[in-house]
Structure formats: structure tokens, C-alpha cells
Amino acid sequence: MSYLEWAESQLAEIELLTSMFPTVEELEFTDQLALAELRDYVEGSASTGGPPPSRPQFLIKQKLDSANTEGTVFILSCAYPSEYPSVLPEITVRCSGLSRAQQTQLQALLNAYLMENCQGEICVLSAVEWVKDNLQLFIDKSLLEAPAPKKESASPRMPEVFSRLWIYSHHIYNKSKRKNILDWSKELGLSGFSMPGKPGIVCVEGPQSACEDFWSRVKVLTWKKIMIRHREDISLDCQSEDSRLVEHIDSLRKFTGFEEAMFDPHGNRGNHMDLGQLYQFLNEKGCCEVFQMYFGIEGR
């Protein structure tokens, strides 16, 4: 298929979704410019050269309506690669009615379903229906397995751990992934930074459970290559009061908040960063030693 044929399929699916989910409460386009560029490209007013540089991104919000799930809302975050539907779209599902472990499992099962059944076809509506069917099962199982309340025991608390994860990706271009990284780090109370481009770098730091939750969400997205290149774990005094524990965690942070960091983007696509500036940034934060772990050379 050509880029124009891919774009025609994408626009046809968007029009189908718009007819099925007519309100902004059900279907929200997060990049109206990308949608307008896609429409212009298909209709011929901008069909010279390659496809539009921006790709459509949108959210589909649905409520379950059974007795056990009344009011439960799930959100599908979708982004089209240029070659969709020859390649799968980026689809992330979130539901407040599930635990973090259940959401990770649901996402992995959705990815497997799409890979097995939807290669080469438009599939967002299929994903919506699959989530409706399977989310119901997850919530029913959660209700059945809910443990009875237990009396507080005098057993010792598990030791708290502060973690810092250094994540490497072959590249980070996709706007939806970049937004997920920013949103999830904020949701989980993590500090650090992400550097988009090629290669892509993400550092998150905070309570170990929150770092592991962040990693479990990120790694199930579609990547050419992603891995934890290095990690730091520091045991904390589990006897401390909660307020003192928060202070201890904050004292170990090397970053204030979480940001997307850009270092003089250059190259034909503006996707390469100045590694000298990256080294200086890491040096200022007191963690320049990871530069050699990422790139195999000493910074200067």
C-alpha cells in the first residue's frame, strides 16, 4: 500500500468512529491540526511528497453498564503510525476500576489480541469491543477474589526502597508515548526526565513500587527496543514515620519534578540531541557516570 492508501484507510476509520461516538465526551481528538492535515492530504490539497508529519491522536471514553460495573469508565488512547493499518496503531487502555497489576495484564492481552487478529486491518473499533468484553471479566474476577477485611497485625512492615531507573529506548518519537511518559510520572509522584529522539532516554526516581509500576506500563507499549540500562536501589528505614519517610525519599532525589528535556535538536528530522549538553545536564544533577553506561564513552 502507498502512504495515500494508508491515509485513506485512517480517515475512513476516523469518520466511522465519529459517527459512532458523536460527542466529545466519547471521542476526543487531542491534535486537531494532525486531523486537518490528514484530511487535506487525502482530499488532494496537500498530497505532494510524503505523508503529513503529524499523526492523528485521540481518546475514546466508554462506560460499562452491567450491574457490577455501573459507572465504570475506561479510556483508550490511540495514535496512528504513518503506515497504519499495515502496522498496528498505538493503543493504551486505562480503567480506574482495576488494580495496577490488572491494568498491566489487560494491556498485554489487548496487545496480543491485536497482533494475532488485526494485522493489516483497521482495528480501533475491534479494540473497543474487545476491551468491553474482557474488562467485564476482569472486574467480575476482582469482585470474586476481593479478600475479607483483616485485623491489623503487629507483623513488621516490609522495608521501603528508593529506586532510580535509567531506561534506554532505540528511539522515542511518538507524541502519544511522550505524553504517557509525562502523565504517568506525574500520576505516580516520580521525578526525573525523558529525552525524546534517537536514542531515547528516560530516568524515573521515587518509591520502588511506583518506579516498577511506571516500568510495567511503559514496557508493554510497542517499541523497537527498550530496556532498563541501569538501576539504583536504596533501602530506607522502615521504622520512620510516614512524614519522615517522605522527607527521606525527597532527600535522595536528584531531580525536581519530571520534565521532557531537549538538548539542541538537530538532524534531518530534528531527532538527534547534543550529547555534550546531555552530559553537562547529567553532571549538574550529580549522575554523569550513567553517560558512559548509555554511550560507552566518557563525557566531557
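Residues numbered from 1 in each chain as written. Predicted model: local features only at pLDDT ≥ 70, side-chain atom pairs only at ≥ 80, totals over all residues. Heavy atoms only, no water.

As annotated in an unreviewed UniProt entry, the chain carries the name RWD domain containing 2B and comes from Pundamilia nyererei.

A word on the overall build of the chain. Summing up its helical and strand segments, the chain has 9 helices and 9 strands in all. Residue burial in the chain is summarised as follows: out of 300 residues, 42% are buried. Here the analysis covers contacts within the chain between residues at least 6 apart in sequence; of these, 67% occur between residues at least 24 apart. When the accessible area of the chain is evaluated, it comes to approximately 16000 Å², of which 51% is carbon and sulfur surface. (Helix = DSSP H or I, 4+ residues; strand = E, 2+ residues; numbered from the N terminus. Buried < 20%, exposed > 50% of the residue type's maximum accessible area, 1.4 Å probe, protein only. Contact = heavy atoms within 4.5 Å. Areas by Shrake-Rupley, 256 points an atom, 1.4 Å probe, with all protein chains shown as cover.)

Turning our eyes to something else, we now look at the state of the cysteines. Per the stated rule, a full pass over the model turns up 0 disulfides. No disulfide involves C123; its sulfur sits 4.8 Å from the nearest other cysteine sulfur, which is in C118. By relative accessible area, C123 is classed as buried at 1%. (Disulfide = S-S within 2.5 Å.)

With that settled, consider the packing of aromatic side chains. Enumeration over the complete set of coordinates arrives at 12 aromatic pairs. Ring centres of Y279 and F291 lie 5.4 Å apart, and the angle between their planes is 80 degrees; on these two criteria the pair is classed as edge-to-face. Of the two residues, Y279 is situated in helix α8 (residues 275-284) and F291 in helix α9 (residues 289-295); the sequence distance between them amounts to 12 residues. Accessibility assignment for this pair places Y279 and F291 in one class, buried. One aromatic cluster is present, formed by W166, F193, F255, F263 and F281 through successive ring pairs. It is K177 that lies over the ring of W223; its NZ or CZ is 4.2 Å from the centre. (Phe/Tyr/Trp six-rings, centres within 6.5 Å; stacked < 30°, edge-to-face > 60°. Lys NZ or Arg CZ within 6 Å of the ring centre and 35° of its normal.)

On to the sheet that holds strand β1 (residues 27-29), then. Taken together, the 4 strands give an open sheet; going across it, the order is β1-β2-β3-β4, and neighbouring strands pair in antiparallel fashion. Each end of this open sheet is capped by a strand with a single partner; those strands are β1 and β4 (90-95). Strand-to-strand twist across the sheet, computed as the mean angle between neighbouring axes with direction ignored, equals 15 degrees. The pairing of β1 with strand β2 (residues 57-63) spans 3 bridges and is classified as antiparallel. Bridge pairing in β2 links L27 to I60. (Pairing = 2+ DSSP bridges. Axes fitted to C-alpha atoms, helices over the stretch in contact; angles between N-to-C directions.)

Quick look at the nonpolar core now. Within the largest apolar cluster, 35 residues are counted, with the highest numbers of intra-cluster contacts made by F58, I60, L76, V124 and L135. Of all elements in the fold, only α1 (3-20), β1, α2 (32-43), β2, β3 (73-79), β4, α3 (100-117) and α4 (124-145) reach the threshold of two or more residues within this core. Per element, the largest residue contribution to this core is 8 residues, and it comes from α4. Those residues in contact with V124, other than ones at most four positions away along the chain, are E13, L17, F58, I60, C78, Y80, Y84 and I91. (Core = buried A, V, L, I, M, F, W, Y, C linked by side-chain atoms within 4.5 Å.)

Once that is clear, we can look at α3. In an α-helix, one full turn covers 3.6 residues, which means residues spaced three or four apart are oriented alike. For α3, spanning 18 residues, the distance from its first C-alpha to its last is 26 Å, which sits close to the expected 26 Å at 1.5 Å a residue. Those residues of α3 not exposed but buried are Q102, Q103, L106, Q107, L110, N111 and L114. (Expected span 1.5 Å × (residues − 1).)

What follows covers the pairing of strand β5 (residues 161-169). Note on strand geometry: in a regular strand, side chains alternate between the two faces of the sheet. Summarising burial for β5: 9 of the 9 residues are buried, a large majority. Covered by surrounding structure in β5 are V161, S163, L165, I167 and S169 together with F162, R164, W166 and Y168, the residues of both alternating faces. Taken together, the 9 bridges between β5 and strand β8 (residues 226-235) define a ladder with antiparallel strand orientation. The residue of β8 that forms the bridge with R164 is E232. Strand direction decides the pairing type here: β5 and strand β7 (residues 200-207), joined by 8 bridges, are antiparallel. Bridged to W166 within β7 is C203.

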